[in-house]
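Overview (structure and organization)
Spelled out from the first residue to the last, the chains are:
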2 protein chains.
Amino acid sequence: MDLIYLRSFLEVARCQSFTKAAENLGYVQSSVTTHIQKLENEYGVVLFERFGRTMRLTSEGEQLHRYFEQIIALYDDSKHLISRQISGHLDIGTIESLVAYFLPPVFNRFRQAFPQMNLQALPLAEPHILQLIRAGELDIGIIMDRLVCDEDIETIPLRQEPLVLVAPPGHPLAGAKSVHAKDLHDLSYIATEQTCTYRAAFENLLTAQGVAYQIQHEFGSLEAIKRLVGYGLGVGLLPRIAVDRELAEGHLVALPFAHPDITFYTQIVLHRKKWKNPAIRHLIELLAEAAETDKRLAQ
Amino acid sequence: MDLIYLRSFLEVARCQSFTKAAENLGYVQSSVTTHIQKLENEYGVVLFERFGRTMRLTSEGEQLHRYFEQIIALYDDSKHLISRQISGHLDIGTIESLVAYFLPPVFNRFRQAFPQMNLQALPLAEPHILQLIRAGELDIGIIMDRLVCDEDIETIPLRQEPLVLVAPPGHPLAGAKSVHAKDLHDLSYIATEQTCTYRAAFENLLTAQGVAYQIQHEFGSLEAIKRLVGYGLGVGLLPRIAVDRELAEGHLVALPFAHPDITFYTQIVLHRKKWKNPAIRHLIELLAEAAETDKRLAQ
DNA sequence: CGTTTCCATCGAAAATATCGATAACGATCA
DNA sequence: TGATCGTTATCGATATTTTCGATGGAAACG
């Protein structure tokens, strides 16, 4: 009898729905059905009366609900109790675009569960991150790229990452319905650093379409790029999360550029052997949660 | 995280030994090792300090021990709570040799866990039992035979069943060191009913060795056979459990007969689909336990 | 009366558990 | 010190279980 069955049961009871429970728990609906059936067989009773669109706990279901709540609460408590005692440190490699906007709240929450664990976020270039992950010198990496596919590396996509082409508010293309590559002829362009993968993808697209572009500046620092774009020195291609506030406040505008046909993901990369570490698992969970929340907010 | 891991953990802590815990729980030792490792990985801490021959719970292990005890207690409580509410009835087919000696204490214990469940024990001939099991008309059968091997039937051996050749106290072979088939020439023999499998195996053995035997009487009733043997009308081949008391009290003696090379088992048979029923599972557990206890007492 | 929204069922694929054999390791004793 | 015993860990093979995705069927909705 697996504890996840109890969790599924509690979530179904809470949501009054197998489907919603499955979504919340990250399963497909049929798996939750199976979980409940496992419980029903184990106890030999029906736990939910299923009417058409509604459902209700049976009497036995209600009795068990009380027990399961306690069991899960004890289990979670035990997890927290131990987490709080675990010390050590995690080295997290991540690209600069993320380190400032995405990670801080996650780190903060992590500290609540693992107060004795030291997190070190290292802003690094993506190829370097992958190399260190493979060497086991980083515990976890968070990058933005096409999905990494590698023998030794486990990849966990967090979310598709929209890239936006930002321009200063007065830019001639600012009001256009949609901007295509050819509209960018003789583009004046403030680029991220050379190792940046989405920069490379963008430039490949321009080159493929015969569009000339001129790199005005190259910076590792997103803040610097945003400033330069804001001063009208060119456009920049940046992850939306890095420019959300400037767009909202009108300091920059997003050009409605038809994306290159490449999907970028903010993704976690880690060495296959590091899964079992509970601190890392917890960090991954928090990251996934944060990504989910962001998605919902974006909608 | 499976609840059986917690159980393994508690048992290891109690026994101070992986090996003993495994025996008690019905696993092999390596499985228990795996269970503990699963827990250790899940929590990210070492739970037992293993010294050479001794072991000790770590501080984290002790903390978790308290939680796990509570969790398992809650789970068991929840099981009992529901068991008590389950009503229905079970039909149990069993051979006469067992119905009187083996089952009553088990039934008694069963009633404590499932007070609303009605048990009906039907003394039946073995072929009939198997037939009814296949037809789904019996919930469970308990027989004595070579291990049943059948597509639709699940077989659970309870224990090897020693057969003894019993004779009246004054029998000429009563004092012999060991009795072989050839010593039984012109044997006068009180047989169980014709459908009885161990009778068939015994007779095959005699025939194979060219030993003539004469069946004096044939009875379905063990009591009758014992009486006739006691009166000196011949010897009888019976399961030891059925004549334990008579042997102890000296009303009958066991001839030290070298067994036919066939192993008999008291075994549970049930339809493959009836596993999931918790009442049946509990009954099976009790039967297995009773068999274990008997084995230990016999030693 | 079709459409939508659920849950149950099923087969295939993936993940996991179990076993049995064996290695490794420490304790004990010669 | 070395041999042996009792114990746990590791490993590969096999069996079982879990998960998913597709599909079916039933009730509600418009």
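Structural notes, computed from the coordinates. Values in this document were obtained by computation on a predicted structure and should not be read as measured data.

Here's the deal with the pairing of strand β3 (residues 88-94) of chain B
Residue and element names in this part refer to chain B. Counted residue by residue, β3 has five buried out of seven residues, so it is predominantly covered. Pairing analysis gives seven bridges linking β3 to strand β4 (residues 117-123), with the strands arranged parallel. Along β4, the bridge assignment pairs Gly-93 with Leu-122.

What to know about the environment of His-65 of chain A
Residue and element names in this part refer to chain A. Summarising the element assignment, His-65 is placed in helix α4 (residues 59-83). Looking at His-65, the relative accessible area reads 18%, which means it is buried. Spatially, the C-alpha atom of His-65 lies 8.7 Å from that of Leu-6, the residues being 59 residues apart in sequence. Leaving out residues up to four positions away in the same chain, His-65 has contacts with Phe-9, Leu-10, Ala-13 and Leu-57.

Let's talk about the protein's contact with DNA strand C
Close to DNA strand C lie 20 residues; Thr-19 and Arg-50 of chain A together with Tyr-5, His-35 and Lys-38 of chain B are nearest. In DNA strand C, atoms within 4 Å of the protein come 65% from sugar and phosphate. With respect to DNA strand C, the side chain of Gln-37 of chain A contributes an N or O atom lying 2.8 Å from a phosphate oxygen. Within the contact set of DNA strand C, a phosphate oxygen lies 3.0 Å away from a side-chain nitrogen or oxygen of Ser-31 of chain B. Counting only elements with at least two residues in the surface near DNA strand C, the list comes to α2 (18-25) and α3 (29-43) of chain A together with α1 (3-15) and α3 (29-43) of chain B. The residue makeup of the surface near DNA strand C, split by class, is six nonpolar, 10 polar and four charged.

Topic: the interface of chain B and chain A
On the side of chain A, 26 residues touch chain B, which itself brings 26 residues to the contact. Both faces considered, chain B and chain A share a buried interface measuring about 2,800 Å² in area, 63% of it formed by carbon and sulfur atoms. Per-residue buried area on chain B facing chain A is highest for Tyr-43, Tyr-67 and Leu-74 of chain B; these three make up 22% of the total on that side. Seen at the junction of chain B and chain A, the total is four salt bridges. Linking Glu-42 of chain B and Lys-79 of chain A is a salt bridge whose minimum nitrogen-to-oxygen distance equals 3.1 Å. Taken together, the links from chain B to chain A amount to 14 residue pairs in polar contact (both at pLDDT 80 or more). Elements supplying a minimum of two residues to the side of chain B that touches chain A: α3, α4 (59-83) and α11 (278-298) of chain B. With 13 residues, the top contributor of residues to the side of chain B that touches chain A is α4 of chain B. Of the residues belonging to the side of chain B that touches chain A, the class tally is 13 nonpolar, six polar and seven charged.

So, how was this worked out
Residues numbered from 1 in each chain as written. Chains lettered and ligands numbered in written order. Predicted model: local features only at pLDDT ≥ 70, side-chain atom pairs only at ≥ 80, totals over all residues. Heavy atoms only, no water. Buried < 20%, exposed > 50% of the residue type's maximum accessible area, 1.4 Å probe, protein only. Helix = DSSP H or I, 4+ residues; strand = E, 2+ residues; numbered from the N terminus. Pairing = 2+ DSSP bridges. Contact = heavy atoms within 4.5 Å. Near = heavy atom within 4 Å. Polar contact = N/O pair within 3.5 Å; in protein donor to acceptor, adjacent residues only side chain to side chain. Nonpolar A, V, L, I, M, F, W, Y, C, P; charged D, E, K, R; others polar. Buried area = accessible area lost by both parts, 1.4 Å probe. Salt bridge = Lys/Arg side-chain N within 4 Å of Asp/Glu carboxyl O.

Interpretation in functional terms is not warranted from these geometric data alone.
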